[in-house]
Amino acid sequence: MSKGKRDKKRKRKKWIRAAFISFILIYLIFRSVPALYASNLKTVLVEEGTIEDSVHFLGIVVRNERVYRADGDGEISFFKNEGERVKVGAKIAELSLKEEDSSLESELEEVNKKIESIEKVNKQKEIAKKDEIKSEKNTELVIAELQDNIINGNYDETAQLKEELYCSLGKKNNAIGENTLANQSLDNLRKKKEELTKEIQNSTVNYFSQEAGIVSFKIDGFEEIYSGKNILNYTLEDIRDKEAETKVSKNKSVVNVGDALFKIMDNYNWYLLVDVDDIKEIKSLKEGDMLSVCLDGRDEELKGRIIKIQPKNGQGLVAIRLDTHFHDYYEKRNVDVKIIKSKNEGLKVPTKAICEKDGLNGVYIKDISGIIRFRPVKILGQNEEYAIVSKGNNNNLIDIEGSDKKIKTIKVFDEILLTGGKAKEGQIID
């Protein structure tokens, strides 16, 4: 073989060797880039969570309540406490009406004194009558004895018997003596006393509960404007720009005619009138639905039923009936209302981690070996940040629409890749 052919052959081998080495390097780089990329993927742990779909509005509390007012000017006394539940017929307050003077009380006192005096005299007369009977018996005995002594000539005892006779006759006269005060008509005085007592009693007004319920002395002026009995008749105009100002009637000791004294409220059913400024926000709700509401920023959820939805010009009025937790809100009138349209509980997943593969919604997880796997998920509810997905059955299997076969889904503490669709199944990450 000539030298030129050997050089050509040598160059060809070098080129083949270089090409092979380049191929190997390119292959290794191609294989290592996904691994390097995967090693930098961020993951989060799956946890249980809740997502609620809620909207906030302003509302007014409506109750069935009766206000009791003063029948005149005078001093008021109360016998029940704020927030106390009372039965029908319970005495709540007493109003002592103002009088020009105290002539009635003075006259009644004078009549009582006369009655007392006459009753005392009558008692003495009863005793005197007994003395009169006794005096008559003594006189008859003395006269008989005196006659016997005269007939028998016993003149020595006659003078003494005469003295006894005089004494006996004197007692009798005293017993039948008349007293002008005693001759007054006791019946007329007693009748007068009854008349005066009634007149005085008429100047005191007692207030009894006409229904059972919660008694309150906090009056805001809307008790006779809003009523549960008319709950279906109110409109948006009836509740807008109505700010309550509560006054406490129990702080008063002197009241004028017509003043509100107290109120009694039905504590079984109460209502919310909700001012909806955008009716689209509650388009998923309808009359008859049960729902949960929270008032004035409290976490406590109250269960209620929608009894009316009245749309108007893109806005609306919603009436809700409640029957629990009345005592926590009976002092409220204007409230902030959070309506919870829906609430989903399950596994909490970042929305950016959810992607689609082969027509299924799912996420990529890193299994115990560090290999990336795709897991389908069933979304129950979501917002901009998170989605709540189904836990599946006890084996973490979920139903997929259009398939009779259950598929394995995620579970608590799985590591989910946040990059979602950028991940590839089968990749290995540390």
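Before any of the text, the structure's been laid out above.
What comes next is a walk through the structure.

What counts, and at which threshold
- Residues numbered from 1 in each chain as written.
- Predicted model: local features only at pLDDT ≥ 70, side-chain atom pairs only at ≥ 80, totals over all residues.
- Heavy atoms only, no water.
- Helix = DSSP H or I, 4+ residues; strand = E, 2+ residues; numbered from the N terminus.
- Buried < 20%, exposed > 50% of the residue type's maximum accessible area, 1.4 Å probe, protein only.
- Pairing = 2+ DSSP bridges.
- Salt bridge = Lys/Arg side-chain N within 4 Å of Asp/Glu carboxyl O.

**What about unusual backbone geometry?**
One non-glycine residue, Asn 313, lies in positive phi territory at about 50 degrees. Structurally, the position occupied by Asn 313 is in the loop between strand S13 (302–312) and strand S14 (315–322). Residue classification places Asn 313 among the exposed positions, given a relative accessible area of 73%. Even without a glycine there, the phi angle at His 325 is positive, about 60 degrees.

**Topic: the pairing of S14**
Across the 8 residues that make up S14, a large majority, 6, are buried. By the bridge criterion, 7 bridges tie strand S11 (residues 260–276) to S14 in an arrangement that is antiparallel. Paired with Trp 270 across the strands is Leu 322, a residue of S14. Connecting the antiparallel pair S13 and S14 is a turn made up of 2 residues, with Asn 313 showing a positive phi of about 50 degrees.

**Digging into the sheet that holds strand S10 (residues 254–255)**
Strand order in the open sheet made by the 4 strands is S6-S5-S3-S10, with antiparallel pairing throughout. In this open sheet, the two edge strands, each paired with only one partner strand, are strand S6 (204–208) and S10. In the sheet, strand S5 (residues 91–97) pairs with S6 via 5 bridges, with the strands oriented antiparallel. Bridging across to S6, Glu 94 finds its partner in Asn 206.

**Focus: the environment of Asn 202**
Within the element layout of this structure, Asn 202 appears in the loop between helix H4 (186–201) and S6. Sequence separation of Asn 202 and Ser 96 is 106 residues, and the distance between their C-alpha atoms is 9.3 Å.

**Details of the pattern of salt bridges**
A full pass over the atoms with the stated rule returns 22 salt bridges. A salt bridge links Lys 338 to Glu 52; the shortest N-O distance between them is 2.9 Å. In this pair, Lys 338 is assigned in strand S15 (residues 334–350) and Glu 52 in strand S2 (residues 47–69), connecting sequence segments 286 residues apart. Here Lys 366 and Glu 415 are joined by a salt bridge, their closest N and O atoms 3.6 Å apart. With Lys 366 in strand S17 (residues 360–366) and Glu 415 in strand S23 (residues 415–417), this pair connects stretches of sequence that are 49 residues apart. Given a relative accessible area of 17%, Lys 366 falls into the buried group. Classification of Glu 415 by relative accessible area gives partly exposed; the value is 25%. Members of the salt-bridge network, linked through shared partners, are Arg 63, Glu 65, Asp 220, Glu 223, Lys 263 and Arg 333.

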